[in-house]
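Close look at the chain arrangement
What follows is each chain in one-letter form.
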Amino acid sequence: MKNNLASKGITKRVALILSLLVIGLVILIRVRLLAVPLERDEGEYAYAGQLMLDGIPPYKLAYSMKFSGIYAAYALIMAVFGQTITGIHLGLLLVNSATVAVIFLLGRRLTDEIGGSVAAASYALLSVSPSVLGSAAHATHFVMLPVLAGTFLLLEPHPMKRVLASGALFGIGLLMKQPACLFVLFGAIYLFIRHLGAGLGMKQAALRNLLFITGAIVPLTIACLLLWHAGVFNKFWFWTIDYAREYGTIVPAGQLSHFFVPNVQEVIGPGWILWIVAGVGALAALWDGRTRASIIFLLAFLFFSVLALSPGFYFRYHYFIFVLPAVSLLAGVAISKWSDVLSNRMIAARFIPLLLFSAALALPIFKEKRFFFEASPVEACQIVYPQAPFAESVRIAEYVRDHTSSQDVIAVLGSEPQIYFYAQRHSATGYIYTYPLMEPQKYARQMQEEMIREIEGARPKYLISVIMNDSWLRRPHSDGLIFTWANEYTAKNYAVAGFVNMVASGRTDYYFANIPQSVPQLGNYILIYERKS
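This structure is a prediction, so every number in the text was calculated from the model and none was measured.

About the criteria used
- Residues numbered from 1 in each chain as written.
- Predicted model: local features only at pLDDT ≥ 70, side-chain atom pairs only at ≥ 80, totals over all residues.
- Heavy atoms only, no water.
- Phe/Tyr/Trp six-rings, centres within 6.5 Å; stacked < 30°, edge-to-face > 60°.
- Helix = DSSP H or I, 4+ residues; strand = E, 2+ residues; numbered from the N terminus.
- Buried < 20%, exposed > 50% of the residue type's maximum accessible area, 1.4 Å probe, protein only.
- Lys NZ or Arg CZ within 6 Å of the ring centre and 35° of its normal.
- Axes fitted to C-alpha atoms, helices over the stretch in contact; angles between N-to-C directions.
- Parallel < 35°, antiparallel > 145°, perpendicular 65-115°, else oblique.
- Left-handed = near helix turned anticlockwise from the far one by under 90°.
- Contact = heavy atoms within 4.5 Å.
- Nonpolar A, V, L, I, M, F, W, Y, C, P; charged D, E, K, R; others polar.
- Expected span 1.5 Å × (residues − 1).
- Bend = angle between axes of the 7 residues up to and from the residue.
- Lys, Arg positive; Asp, Glu negative; His and termini not counted.
- Salt bridge = Lys/Arg side-chain N within 4 Å of Asp/Glu carboxyl O.
- Pairing = 2+ DSSP bridges.

Given two aromatic rings, their pairing is described by the distance between the two centres and the angle made by the two planes. Under the criterion given, the structure shown has 41 aromatic pairs. Aromatic pair Phe-238 and Tyr-443: ring centres 4.8 Å apart, planes at 75°, arrangement edge-to-face. Of the two residues, Phe-238 is situated in helix H10 (residues 233-247) and Tyr-443 in the loop between helix H21 (435-438) and helix H22 (444-458); the sequence distance between them amounts to 205 residues. Each member of the pair Phe-238 and Tyr-443 is classed as buried. Put simply, the rings of Tyr-45, Tyr-59, Phe-67, Tyr-71, Tyr-74, Phe-142, Phe-233, Phe-236 and Trp-237 pair up and form one aromatic cluster. The ring of Tyr-63 carries Lys-235 above its face, with NZ or CZ at 4.3 Å from the centroid. Arg-395 extends its terminal NZ or CZ atom over the ring of Tyr-510, reaching a point 4.2 Å from the ring centre.

In structure tokens:
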């Protein structure tokens, strides 16, 4: 018995050391990639957060279907670390590190120190992978931290204050992104079942559940009141409820497999061993009475995590961050269970589970070594987004900022909100994305007309026209009004002041003085127009 305990203690220490090494490596990777140019979602959040720091409420100069919590989170990060790419990614580093710590606590609570260590290391590595766009500060990272913290509180004894605090944490997650409402539903169902199982009467269990739900809706209620006071509640409601409802029905259910299967394969990628460990371990642990309750809890959490990434059937890569905590915790349960089974075997056999886990971690690190260790921040951006003008946006914005005053407004014809953030100039229109204008939804024509009115009314000094499908996603039946207007409006009121030719990934030619009449090779390009005197 003493030998078994000593053996388990050694295994726990080895697992903890391995976990700390992996987490430390991930932190070094994130530090190395702090300067990766912002992508579109980050640009949106950064610009909206910048406006908030200027005293301008969300949805006034930047329309989006996201809830405003992520804008507030970015504003807080930039207030602390500065309005820079590095500052934003430092904020992500802190959020990700805190999430890793909470996952360790959850894993230890559900199994033991081995399970917690394995889960923490697994999430740290999976969440930085380019397969889930892990270097970008997406809202999904900001959802999972409060949701997991709220989940940890649910696993502890349930005094009323703890139930309310747990609900509030889930509510903060909801304020970051709407699909988090499914995590709120998970928390409410789990809490109700657990209270009934603990012998509480139906009335008592319902009362505590009501307290949890009250805590969950308080953050959103406060946000709505603030938006109403700022005079932008109607815009908020239209974009986050009315338009979001249209957006969620664009992809027919029949095309689910068309998006889901290839994206799942890409997300799993070189981390496939970890995913298999999680799946096989979950099945094995179900047969053990000591771990069955933990596995059922985690499988339920995984189920709701999958539901959270499914609205609209888009299954974008960064949505899978919702699933990574459950997968990581299941892997932790699996390694902990196998270590326990082998604890009374010979010394070499006791470490087989940790050796398997080490191999599962080593494979994605080796396969993605260029992204993690070799590529510069700009090259890393181009590895993940080879067709997008994210690196180019920095230089374009610098030119615009140098040729305008802080009172001037600019307009971007395309979906590149990061340009507004870099240029530190207000937008002439709230349409920082042009994707909705191209979608087969009933508001598309209305949106185009409103964008035209706003730009004509603001008379922006510079107008940046992004000529690439990636920035528009124009469909065969998209309304062409905006393009006809843009051609006529720029010809009449603007002159070309800059031309950016993206010849190939990693090769871009910039022309800001002498604009050529023709170029040897024309790729995707961006035109920078200056308003005529």
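Moving on: the packing of H22 against helix H23 (residues 481-493). Two elements in contact, H22 and H23, have axes separated by 9 Å at closest approach and are oriented at 20°. The orientation of H22 with respect to H23, classified from their angle, is roughly parallel. Relative to H23, the crossing made by H22 is right-handed. Here Arg-445, Gln-448, Glu-449, Met-451, Ile-452, Ile-455 and Glu-456 of H22 lie close against H23, whose contacting residues are Leu-481, Ile-482, Trp-485 and Tyr-489. For the contact of H22 with H23, the per-class residue count stands at seven nonpolar, one polar and three charged.

In this model, H10 (15 residues) spans 20 Å end to end at C-alpha, consistent with the 21 Å of a helix rising 1.5 Å per residue. The largest bend in H10 is about 30°, located at Trp-239. Burial in H10 covers these residues: Phe-236, Phe-238, Trp-239, Thr-240, Tyr-243, Ala-244, Glu-246 and Tyr-247. Among the structural elements, helix H9 (202-230), H21 and H22 are those in contact with the buried residues of H10.

For the rest of this paragraph, the subject is the side chain of Arg-30. For Arg-30, the location among the structural elements is in helix H1 (residues 2-32). No salt bridge is formed by the buried Arg-30; the nearest opposite charge belongs to Glu-42, separated by 8.4 Å. When residues no more than four places from it in sequence are discounted, the contact partners of Arg-30 are Leu-92, Leu-93, Asn-96, Ser-127, Val-128, Gly-134, Ser-135 and His-141.

Attention now moves to the pairing of strand S6 (residues 524-531). Taken together, the six bridges between strand S3 (residues 462-467) and S6 define a ladder with antiparallel strand orientation. Residue pairing across strands places Ile-464 opposite Ile-528, the latter belonging to S6. Bridge analysis of strand S4 (residues 494-504) against S6 gives eight bridges, and the strand direction is antiparallel. Looking at the pairing, Val-500 lines up with Ile-526 of S6.

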